Amino acid sequence: QVQLVESGGGLVQAGGSLRLSCAASGLTFSTYTMGWFRQAPGKERESVAAISWSGAYTLYADSVKGRFTISRDNGKNTVYLQMNSLKPEDTAVYYCVAAYRKWPAREYDYWGQGTQVTVSS
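Residues numbered from 1 in each chain as written. Predicted model: local features only at pLDDT ≥ 70, side-chain atom pairs only at ≥ 80, totals over all residues. Heavy atoms only, no water.

1. Things to note about the pattern of salt bridges
Scanning all chains against the criterion turns up five salt bridges. A salt bridge links Asp90 to Arg67, with the nearest nitrogen and oxygen atoms 2.7 Å apart. Of this pair, Asp90 sits in the loop between β8 (78–83) and β9 (92–100) while Arg67 sits in the loop between β6 (58–60) and β7 (68–73), and the two are 23 residues apart along the sequence. Exposure remark for Asp90: the relative accessible area of 1% places this residue in the buried category. Using a relative accessible area of 10% as the deciding quantity, one classes Arg67 as buried. Several salt bridges share partner residues, and in doing so they unite Arg38, Glu46, Arg67 and Asp90 into one network. (Salt bridge = Lys/Arg side-chain N within 4 Å of Asp/Glu carboxyl O. Helix = DSSP H or I, 4+ residues; strand = E, 2+ residues; numbered from the N terminus. Buried < 20%, exposed > 50% of the residue type's maximum accessible area, 1.4 Å probe, protein only.)

As structure tokens, then:
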């Protein structure tokens, strides 16, 4: 059974930083593209960042480029999202996602339960 478990969300002031983690189990982590989506209340879900299964390639939404960094540790089956210079508009539920050997991934095979990130102004 595949599980993606996010952690690291919380409340932070604008300009602050958070690091999200996603621990994966039940899959061969090193063969999966990993990514992060987010959804704010009343808004459509959007892709934030993605990283290829080797970690060689990354993609970011324009809205987070230069502020967020995605990385992975295949030895720990974990993907990270370092979020710096946070803005109130970054407030959302953040979801970890996994796609088997797709790059770039248009669809994802597995989703986590999400972790809330709230940025106060």
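Back to the write-up after that little detour.
2. With respect to the sheet that holds β7
Taken together, four strands build an open sheet; the order of strands is β1-β3-β8-β7 and the sheet is antiparallel. The outermost strands of the open sheet, each flanked by one partner alone, are β1 (3–7) and β7. Neighbour to neighbour, the strand axes of the sheet diverge by 15 degrees on average, direction disregarded. Here β7 pairs with β8 via six bridges, running antiparallel. The residue of β8 that forms the bridge with Arg72 is Val79. (Pairing = 2+ DSSP bridges. Axes fitted to C-alpha atoms, helices over the stretch in contact; angles between N-to-C directions.)

3. What about the side chain of Thr115?
Take Thr115: it is sitting in strand β11 (residues 115–120). Within the structure, Thr115 has its side chain in polar contact with the backbone nitrogen of Gly9 (distance 3.4 Å). (Polar contact = N/O pair within 3.5 Å; in protein donor to acceptor, adjacent residues only side chain to side chain.)

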